[in-house]
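Structural overview for review
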Amino acid sequence: MITFTICLLALIAGYLLYGRVVERIFGPDDRRTPALTKADGVDYIPLPTWKIFMIQFLNIAGVGPIFGAIMGAMFGTASYLWIVLGSIFAGAVHDYLSGMLSLRNGGESLPEIIGRYLGLTTKQVMRAFTVVLMMLVGAVFVASPAGLLARLTPESLDVTFWIIVIFIYYILATLLPVDKIIGKIYPLFAVALIFMAVGILVMLYVHHPALPELWDGLENTHPQAETSPIFPMMFITIACGAISGFHATQSPLMARCITSERHGRPVFYGAMITEGVVALVWATVATYFFHENGMGLSDASVVVFDISKGWLGEVGGVLAILGVVAAPITSGDTAFRSARLIVADFLHLEQKSMRRRLYICIPMFVAAAALLVYSLRDAEGFQRIWRYFAWANQTLSVFTLWAVTIWLVRERGRFSYLVTLLPALLMTAVCTSYICVEPKGGLGLGLQYAGPIAVGAAVVGLVWFALWKRKYEQTGRIRA
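Everything numeric here is computed off the predicted structure, so don't read it as measured data.

1. Remarks on empty space enclosed by the protein
For the structure shown, the criterion picks out 1 cavity of 30 Å³ or more. Reported here for the largest cavity is a volume of approximately 40 Å³. Contributing to the lining of the largest cavity are Ser109, Leu110, Pro111, Thr249, Pro252, Leu253, Ser338, Leu341 and Ile342. Of all the secondary-structure elements, those providing two or more residues to the lining of the largest cavity are α7 (110–118), α12 (245–255) and α14 (300–347). Split into classes, the residues belonging to the lining of the largest cavity amount to 6 nonpolar, 3 polar and no charged.

As structure tokens, then:
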């Protein structure tokens, strides 16, 4: 519990200290925001900052900070370090700067932002890549909440029933103006999610379980440690609890609702730190669960259900589980909404009229439904979809970090670009290593081969960046 307390305080300090450093590097000012200059009553709508924070928090808090953190806890106390350091120095920086660049560029979607700084070819690839990722998110973020809801309701309301209900909700939330459903029910979902996190946090100190501390060692305790090395598997598994490319697709949604650039740090950086706290809480709870019940491969939903009901009682447990259910549902709906806006930006198709929204949404939901049916066909289908999602999610963060790094060199100069260059190099190595190691869908190489290849990929990225920066400096356009 000492490690947990230190990590919790570190996350808070990270927001107060490093968050302010990153904010000063970007330099928010008093210019009018897209919510005011491009208001359309559908996507560009001014909203109160507290509501925007709650929506952003729910948008990005999918299954990653809960289910991902639980599965990540199997790797041991190293998961604590990645959650804390990843959230402060990678995830929150990634979310804040990508969100602010969207805000500064009229609420642009992520592929358009990446294309501004990594070129037209990369933009075209990212348009397709990001929409596919949103489809994967929509598919994988249905099954887990549907399963939990089925356990709370009568047998007649089975998993299939809840999957249909959730998917219908996704359709409505994607089509209707942001203030009609998302703006009204997200605060309620946020209350449930915050109640869950605070309730479990308090009970951690009440139970005060004996847990391994950082100084006990960082050895890999995963039941399948030989085929699941900490690097890169843990970095991919925890995902949203530390850094996630998916977050950068959600930030433009709120960039279209913010009324002042100075609200960016609490909304973008603050939401990621809050998500880090949720991930830390569940990683700690999972560590306790694994030690109490034996270290084996466990269904994350079992951990959530047993701990919530056992620690918070019947009523409190139900509220906590509803908070867990809200997280993936509120990420799934905005994933589809984000996909609609990405396609609309690409086609230059205005979204004020319902008819034009349907042009995009009908084929999108048909494709998503087919993907969902495939993922639910058997356990292997879902696992395959999840592996593709996990890798694509972190790969998107790599492109986002490199794009922001280029912007920092062009607009801020000096050594400000280091705040994203270092995470970009790390995540380049992580994603390359993962695709090399992953036995199903990847190359299935041993770590002895994947490690050097990953380091080589990071070196190539660094050399490319150094050559580009040198050429850029020689033109005399870089700021002093």
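2. Concerning the UniProt feature "domain: CstA N-terminal" (unreviewed entry) in the chain
As recorded in UniProt, the feature "domain: CstA N-terminal" (unreviewed entry) lies at residues 4–143, 157–289 and 316–431. Taken end to end, residues 157–289 is 67% helix and 0% strand, and its two terminal C-alpha atoms sit 29 Å from one another.

3. Points about the pattern of salt bridges
One pass over the full model with this rule turns up 14 salt bridges. In this structure, the salt-bridge partner of Arg265 is Glu23, at a minimum N-O distance of 3.3 Å. Here the residue Arg265 occupies a position in helix α13 (residues 264–293), and Glu23 occupies one in helix α2 (residues 18–26), the gap between them amounting to 242 residues. We classify Glu23 as buried; its relative accessible area is 12%. Linking Arg356 and Glu350 is a salt bridge whose minimum nitrogen-to-oxygen distance equals 3.0 Å. Owing to a relative accessible area of 27%, Arg356 belongs among the partly exposed residues under this scheme. By relative accessible area, Glu350 is classed as partly exposed at 37%. Taken together, the salt bridges that share partners define one network made up of Asp29, Arg31, Arg104 and Glu261.

Rules used throughout
- Residues numbered from 1 in each chain as written.
- Predicted model: local features only at pLDDT ≥ 70, side-chain atom pairs only at ≥ 80, totals over all residues.
- Heavy atoms only, no water.
- 1 Å grid on protein atoms, 1.4 Å probe; cavity = no way out; pocket = protein on both sides within 12 Å on 5 of 7 lines; lining within 4 Å.
- Points joined across faces, edges and corners; volume = space filled by probe spheres on them.
- Helix = DSSP H or I, 4+ residues; strand = E, 2+ residues; numbered from the N terminus.
- Nonpolar A, V, L, I, M, F, W, Y, C, P; charged D, E, K, R; others polar.
- UniProt positions renumbered as here; feature names shortened; annotations may be inferred.
- Salt bridge = Lys/Arg side-chain N within 4 Å of Asp/Glu carboxyl O.
- Buried < 20%, exposed > 50% of the residue type's maximum accessible area, 1.4 Å probe, protein only.

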